[in-house]
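A look at the structure
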Amino acid sequence: MDGNGRWAAASGLPRVAGHRAGATAARRVIEACPKLGIGILTLYAFSSDNWRRPPEEVSALMELLGSYLDSETAGLVENGVRLEVIGRRDRLVPHLVRAIERAEAATARGQRLLLRVAVDYSARDQILRAAAAAARNGGLTREALALHLGPEVDLLIRTGGERRLSDFLLWECAYAELIFSPCMWPDFDGVHLAAAMREFHARERRFGAVPPAARARTNGAAARWLD
Ligand code: FPP
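In this report, the structure presented in the accompanying data block is examined. Because the structure is predicted, anything quoted here is derived from the model rather than measured.

1. So, the pattern of salt bridges
For the coordinates displayed, the defined rule picks out 18 salt bridges. Among the salt bridges present, the one from Arg53 reaches Glu57, with a minimum N-O distance of 2.8 Å. For Arg53, a relative accessible area of 29% corresponds to the partly exposed category. Note on Glu57: relative accessible area 11%, which makes it buried. Ionic contacts of the salt-bridge type, sharing partners, join the residues Asp154, Glu177, Glu199, Arg203 and Arg205 into one network.

2. Here we look at the environment of Leu114
Tracing the chain through its elements places Leu114 in strand β3 (residues 113-121). Residues Leu114 and Thr42, 72 residues apart in the sequence, show an inter-C-alpha distance of 8.3 Å. Aside from chain neighbours lying at most four places away, what touches Leu114 is Gly39, Ile40, Leu41, Arg82 and Glu84.

3. Re the environment of Ser181
The residue Ser181 is located in the loop between β5 (177-180) and α7 (190-202) in this model. Along the backbone, Ser181 and Gly150 are 31 residues apart, and their C-alpha atoms lie at a distance of 24 Å. Among all residues touching Ser181, those that are not within four sequence positions of it are Arg158, Thr159, Gly160, Gly161 and Phe188. In this structure the side chain of Ser181 is engaged in a polar contact, spanning 3.0 Å, whose partner is the backbone nitrogen of Cys183.

4. Comments concerning the nonpolar core
Counting residues in hydrophobic clusters, the biggest one holds 40 residues, and the most contacted among them are Ile30, Leu41, Leu115 and Val119. For this core, the secondary-structure elements that each account for two or more residues are α2 (15-35), β1 (40-47), α3 (55-78), β2 (81-86), α4 (94-106), β3 and α7. Setting aside its immediate chain neighbours within four residues, Leu41 contacts Val29, Ile30, Cys33, Leu113, Leu114, Leu115 and Arg116. Formed by eleven residues, the second largest nonpolar core is a distinct cluster that contains Tyr121, Ala123, Leu156 and Leu169.

5. Quick notes on α3
Between the first and last C-alpha of α3 there are 35 Å, a value that for 24 residues agrees with the 34 Å anticipated at 1.5 Å per step. At Glu72, α3 shows its maximal bend, which comes to roughly 45°. Among the residues of α3, Glu57, Val58, Leu61, Met62, Leu64, Leu65, Gly66, Tyr68, Leu69, Glu72, Thr73 and Leu76 are the ones counted as buried. A positive backbone phi angle near 70° is found at Gly80, which sits one or two residues after α3.

6. Here we look at unusual backbone geometry
Positive phi values are uncommon outside glycine, yet Asp167 reaches one of about 60°. Its place among the elements puts Asp167 in the loop between β4 (155-158) and β5. What makes Asp167 buried here is its relative accessible area of 11%.

7. Let's talk about the sheet that holds β2
Strand order in the open sheet formed by three strands is β1-β3-β2, and the pairing between neighbours is parallel. The open sheet has two edge strands, β1 and β2, and neither has a second partner. Shown here is a sheet whose adjacent strand axes are inclined to one another by a mean of 20°, direction ignored. The strands that α3 touches are β1, β2 and β3; relative to β1, the one it contacts most, it runs at about 155°.

8. Quick notes on the site of the ligand
If you check the shell around the ligand, you find 19 residues, and the closest are Gly5, Arg6, Arg15, His19 and Arg53. One nitrogen or oxygen atom from the main chain of Gly5 is found 3.0 Å from an oxygen atom belonging to the ligand. Within the backbone of Arg6, a nitrogen or oxygen atom sits 2.7 Å from an oxygen atom of the ligand. Here the ligand loses 93% of its free accessible area of 630 Å² to cover by the protein chains.

9. What about the packing of aromatic side chains?
Each aromatic ring pair is described using two quantities: the centre-to-centre distance and the angle formed by the ring planes. Scanning the model with the defined rule gives six aromatic pairs in all. With 4.9 Å between their ring centres and 75° between their planes, Phe46 and Trp51 make a pair best called edge-to-face. Under the relative-accessibility criterion, Phe46 is labelled buried at 0%. A residue is classified by how much of its surface remains accessible, and Trp51, at 29% relative accessible area, is partly exposed. Aromatic pair Tyr121 and Phe168: ring centres 6.0 Å apart, planes at 75°, arrangement edge-to-face. In this pair, Tyr121 sits in strand β3 while Phe168 sits in the loop between β4 and β5, placing the two residues 47 residues apart along the sequence. Across the pair, Phe168 and Tyr121 agree in class, each one buried. Three or more aromatic residues joined by ring pairs form one cluster here, namely Tyr44, Tyr121 and Phe168.

Procedures and definitions
- Residues numbered from 1 in each chain as written.
- Predicted model: local features only at pLDDT ≥ 70, side-chain atom pairs only at ≥ 80, totals over all residues.
- Heavy atoms only, no water.
- Salt bridge = Lys/Arg side-chain N within 4 Å of Asp/Glu carboxyl O.
- Buried < 20%, exposed > 50% of the residue type's maximum accessible area, 1.4 Å probe, protein only.
- Helix = DSSP H or I, 4+ residues; strand = E, 2+ residues; numbered from the N terminus.
- Contact = heavy atoms within 4.5 Å.
- Polar contact = N/O pair within 3.5 Å; in protein donor to acceptor, adjacent residues only side chain to side chain.
- Core = buried A, V, L, I, M, F, W, Y, C linked by side-chain atoms within 4.5 Å.
- Expected span 1.5 Å × (residues − 1).
- Bend = angle between axes of the 7 residues up to and from the residue.
- Pairing = 2+ DSSP bridges.
- Axes fitted to C-alpha atoms, helices over the stretch in contact; angles between N-to-C directions.
- Near = heavy atom within 4 Å.
- Areas by Shrake-Rupley, 256 points an atom, 1.4 Å probe, with all protein chains shown as cover.
- Phe/Tyr/Trp six-rings, centres within 6.5 Å; stacked < 30°, edge-to-face > 60°.

In structure tokens form, the structure reads like this:
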């Protein structure tokens, strides 16, 4: 959800106004997901490195997250959305933790979309915790590690013209298709998401293998070479 601060600055507004507009954009995108066949959406709301921001911005973001959860929960339930907040909770203010728990409990039966919101999230920390849990439970294998992490990511969209992963879902993005959009997050909507989905479906995902057409060419050449 990059570009909130620049979007606000461009209109002479404080950064927090950009985050508020970002929350509205999040609602639009969440609503668009089921119509586009998206079953899981993960939003990067606050990274563990975002604690380095000025304290006023951090508290405004925490307040916004809490009020967002409180005001959106009924709509999420109505739209069949299940909310799961990923990341550390031990450094969050207690009333935000309670708001998260309330929203997760209220939306637990949602089946149309799994909405994962990353708060105080660091992929490297998650991988370390997953590795420790896997090792405790009998062995550090890819499968055991994956059990303690999230679902594989098919498509990662980063807005605001940034071209980095910034410690987001590093393990889960091993074979993600990446789309970097110049659009500032508060302007992002279902139309942008639909365009990203078209680009995603037009890509050939090989997962390290050879596509069937190239395999046929390779086999033909190998057969001629062997003749
Ligand atoms: C990145 O833009 C955005 C954030 C760090 C905060 C995103 C949080 C919200 C929109 C709050 C609402 C939460 C949900 C779950 C909808 P930036 O501040 O880095 O902008 P910049 O790149 O222009 O500086």
